[in-house]
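Take a look at the letters that make up each chain.
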Amino acid sequence: MSKVLLPYAFSALALGFLLWLANQLLGSGLAPGPLAVMEAWKELALSGELFRELGITVLRGLTGVLLANLAGIALGLAAGLIPALLRLTAPLVAALQSCPPVVWISLVMVWAGTGSAVPIATVFAATLPFAFSTTAQGIMGLNPRIFAMSKLYGVPRRRQLGRFILPGILPGWLGGFSAVLSAGWKSAAVAEFLGSHQGIGAKIFWSYHKLDMEALNAWALTLIVLGVILETAVITPLRRKAAQLESRGASRNV
Amino acid sequence: MSETSGTCPAFSAKRDYSSPPLLEMNGISKHFADKEVVRSATLSLRRGEVLCLSGPSGIGKSTLLEVMAGAARPDYGKGYITRRAQASLMFQDDALLPWLNARDNITYILPPRLPERTARATARRWLGRFGLEEGLYPAAMSGGMRRRLSLARAFAAGREFILLDEPFAFLDGEWQAVIAEEIETHARAGAALALTSHDRSPFVRVCSREIVIERSPVVIE
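Quick caveat: nothing in here was measured; it's all calculated off a predicted structure. Note on numbering: residues in each chain are counted from 1, in written sequence order. For naming, the first written chain is A and the first written ligand is 1, with later ones following in the order written. Under the rules for a predicted model, residues below a pLDDT of 70 receive no local features and side-chain atom pairs below 80 are neither given nor counted, while totals for whole chains, interfaces and linings still include all residues.

Student: How should the overall build of chain A be read in this particular structure?
Tutor: Helix and strand counts for chain A come out as ten helices and zero strands. Put simply, DSSP marks the helices as runs of H or I at least four residues long and the strands as runs of E at least two long, and each gets a number from the N terminus on. The helix and strand sequence of chain A, counted from the amino end, reads α-α-α-α-α-α-α-α-α-α. A principal-axis box enclosing the C-alpha atoms of chain A has dimensions of 75 × 50 × 30 Å. Buried positions account for 35% of the 254 residues belonging to chain A. Pairs at least 24 residues apart make up 74% of the contacts formed inside chain A by residues separated by at least 6 positions. The exposure label follows from counting other C-beta atoms within 10 Å of a residue's C-beta, where the C-beta atoms are placed from the backbone and the thresholds are 20 or more for buried and 12 or fewer for exposed, leaving partly exposed in between. Two residues qualify as a contact pair if the distance between their C-beta atoms, derived from the backbone, is within 7 Å.

Following this line, the structure appears as structure tokens:
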């Protein structure tokens, strides 16, 4: 077995062992064994329900993250270029960053009812401050002499944005985006659990409500597997790319 | 007055008194927080002139140069700048964009009205003059190469008022001679130049007027 797959195989075995141990200690009613969970998971996959709910959750999470990044970059650019605006909004951003998702979930449920609006709005609210901060802080970290030079030579704003500002903030933004993706994914599941009828989070809620422990574990397993895939296939490469770009930019002030 | 000034006989380009100076400033001061860096600096610079500002590092030469160029604001209400042509400034830290190659570092500052092809040709010409490859990125360059790229960019801007902060730093004798030749050529063509250096020796060949700054704040009367 390759060195890459070995840690994943070990983790899967460890998870299976924990399920088995819980089953031995608590009994099948409260903690189904690994084989029963896998059987439930297979049924969900074969019926198509698993992929349908997975698609709903992923789509909601991505929509929230993308909207938050569009707004966060636009607002972060403005705040980074106008330091007074950044100082003015700093306490508000800190407050939003420390705000638990349950606040947004309950508010959006009151305003918009249950449905896709709750997870999308929750992911948006949870990730917007990160996108804003990484963009604004990225601009603050750029070489001020290049701003002075751009002004001196009358470099058009569009060129400044495309060749100086956006490439300059890219490493920090990529690092921030990987954290945002991770946070957004978890927020989406929690929001679905509390305020939606569809999606993996909602399925976990209904399994819990009906005390269908096989289904509950199967949905939880789906969340875990998707989280690992996201981390391995998207977040880790993004962080690596960010570090690579950061080291390239290390010479920016020489 | 903390400065001594004089003429350098080595460089013979003539000052042009028939046209107005490219820079005229009177009693300009500059503070950073509580530190006074420039106090009441009065200067004028004419076409054909190469002004050299020498003195120890950290004394305020770069700040004065940035104020002269218009890249830093002087203190409000103290003195005034009556005349200043559009300046080209080479910063002491080179101010290169690390994610752009040598060619794009130059085209970045060229006027937007210039067609892309002309801008690239201009960049190529100056890179060739200073012995640089157009596809090279700053991170892959030595200190001397980065300095030459920064100088190439300042000259490529095609302006007549050129300010160079430590242009000879990191360069060996051969490249110092090339830069000195370029400075002379521009002065003879009617440009006004101001240079700084902590080391006076490279100035000997090029400067037509020298101001030695001995202590901070910089005072020029």
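Student: How do you make sense of helix α8 (residues 157-195) of chain A when you look at a structure like this?
Tutor: The α-helix winds at 3.6 residues per turn, so residues separated by three or four positions along the chain end up facing the same way. A helix is expected to span 1.5 Å multiplied by its residue count minus one. For α8(A), which comprises 39 residues, the first-to-last C-alpha distance of 43 Å sits more than 12% below the rise-based estimate of 57 Å (1.5 Å per residue). The angle separating two fitted axes, one through the seven residues that finish at a residue and one through the seven that start at it, defines the bend at that residue. At Leu170(A), α8(A) shows its maximal kink, close to 45°; a proline, Pro171(A), follows between one and four residues later.

Student: It is not clear to me how unusual backbone geometry should be interpreted in this structure. Could you clarify?
Tutor: Leave glycine aside and you will find that most residues have negative phi; peptide bonds, for their part, are mostly trans. All names here are of chain B. One non-glycine residue, Asp-94, lies in positive phi territory at about 75°. Locating Asp-94 in the fold gives a position in the loop between β6 (87-90) and α2 (102-107). Classification of Asp-94 as buried rests on a count of 27 C-beta atoms within 10 Å. Positive phi, normally seen in glycine, also occurs at Phe-170, with a value near 70°. Along the chain, Phe-170 turns up in the loop between β7 (161-165) and α5 (173-188).

Student: I'm lost on the confidence of the model for chain A in this one. Help?
Tutor: Parts of the prediction with low pLDDT should not have their coordinates interpreted in detail. With 96% of its residues at a pLDDT of at least 70, chain A reaches an overall mean of 88. In the model of chain A, helix α5 (residues 101-112) of chain A stands out as the element of lowest mean pLDDT, 84, in contrast to helix α7 (residues 144-152) of chain A, which has the highest, 95. Known as pLDDT, the predictor's per-residue confidence is scaled from 0 to 100.

Student: Mind showing me how you'd approach the confidence of the model for chain B here?
Tutor: When pLDDT is averaged along chain B, the result is 88, and 93% of the positions lie at 70 or above. Predicted complex metrics record ipTM = 0.89 and pTM = 0.80.

Student: Please explain the environment of Leu216(A) as it appears in this structure.
Tutor: All names here are of chain A. Here Leu-216 lies in helix α10 (residues 213-248). The class for Leu-216 is buried, based on 21 C-beta atoms found within 10 Å. Not counting the four nearest positions on each side in its chain, Leu-216 is found in contact with Ile-204, Ser-207 and Tyr-208.

Student: Please explain the interface of chain A and chain B as it appears in this structure.
Tutor: Interface extent is often summarised as the accessible area lost during association of the parts. On the side of chain B, 20 residues touch chain A, which itself brings 19 residues to the contact. Of all elements in the fold, only α7 and α8 of chain A reach the threshold of two or more residues within the side of chain A that touches chain B. The element that contributes the greatest number of residues to the side of chain A that touches chain B is α7(A), accounting for five residues. Each residue gets one of three labels, nonpolar for Ala, Val, Leu, Ile, Met, Phe, Trp, Tyr, Cys and Pro, charged for Asp, Glu, Lys and Arg, and polar for the others, Gly among them. Split by residue class, the side of chain A that touches chain B holds ten nonpolar, four polar and five charged.

Student: Explain the pairing of strand β2 (residues 23-32) of chain B to me, please; I cannot follow it from the model alone.
Tutor: Consecutive side chains of a regular strand alternate in pointing toward one face of the sheet and then the other. All names here are of chain B. Sheet topology note: the β2/strand β3 (residues 35-45) ladder contains seven bridges and is antiparallel. Paired with His-31 across the strands is Glu-36, a residue of β3. Pairing between strands is defined by DSSP: at least two bridges between the two strands are required. Bridge count between β2 and strand β5 (residues 80-84): four bridges; the pairing is antiparallel. Paired with Asn-26 across the strands is Tyr-80, a residue of β5.

Student: Help me understand the nonpolar core in this model?
Tutor: With 119 residues, the main nonpolar core has Val50(B), Leu89(B), Ala152(B), Leu163(B), Leu193(B) and Ala194(B) as its most contacted residues. With 13 residues, helix α6 (residues 117-140) of chain A is the largest single contributor of residues to this core. Those residues within four positions of Leu193(B) in sequence are excluded, and the remaining contacts are Val50(B), Ile162(B), Leu164(B), Ile183(B), His186(B) and Ala187(B). To define a nonpolar core, we join buried Ala, Val, Leu, Ile, Met, Phe, Trp, Tyr and Cys residues through C-beta atoms within 7 Å and take the resulting set.

Student: When you look at the sheet that holds β3(B) in this model, what are you seeing that I'm missing?
Tutor: Sheet strands pair via backbone hydrogen bonds, and the direction of the pair is either parallel or antiparallel. Residue and element names in this part refer to chain B. As summarised here, the arrangement of the four strands in space is β5-β2-β3-β10, forming an open sheet in which the pairing is mixed. Lying at the two open borders of the sheet, with one neighbouring strand each, are β5 and β10 (218-219). Fitting a line to C-alpha atoms yields each axis, with helices limited to the stretch in contact; the angle taken between N-to-C directions then spans 0 to 180 degrees. Against the sheet, helix α1 (residues 61-69) makes contact with β2, β3 and β10, and its axis sits at roughly 50° relative to β3, the strand it touches most.

Student: What exactly am I supposed to notice about the packing of helix α3 (residues 49-81) of chain A against α6(A) here?
Tutor: How two helices pack is summed up by the angle between their axes together with the distance between the axes. Running from amino to carboxyl end, α3(A) crosses α6(A) at an angle of 30°, the nearest separation of the two axes being 6 Å. As α3(A) packs across α6(A), the resulting crossing turns out to be right-handed. The hand of a helix crossing depends on one turn: near helix anticlockwise from the far one by less than a right angle means left-handed, and clockwise means right-handed.

Student: Help me understand the environment of Val123(A), please; the structure alone is not making it clear to me.
Tutor: All names here are of chain A. Tracing the chain through its elements places Val-123 in helix α6. Put simply, Val-123 and Ala-191 are 68 residues apart on the chain and 8.3 Å apart in space, counted from C-alpha to C-alpha. Setting aside anything within four residues of it in sequence, one finds Val-123 in contact with Arg-60, Gly-61, Gly-64, Val-65, Ala-68, Gly-184, Ser-187 and Ala-188.

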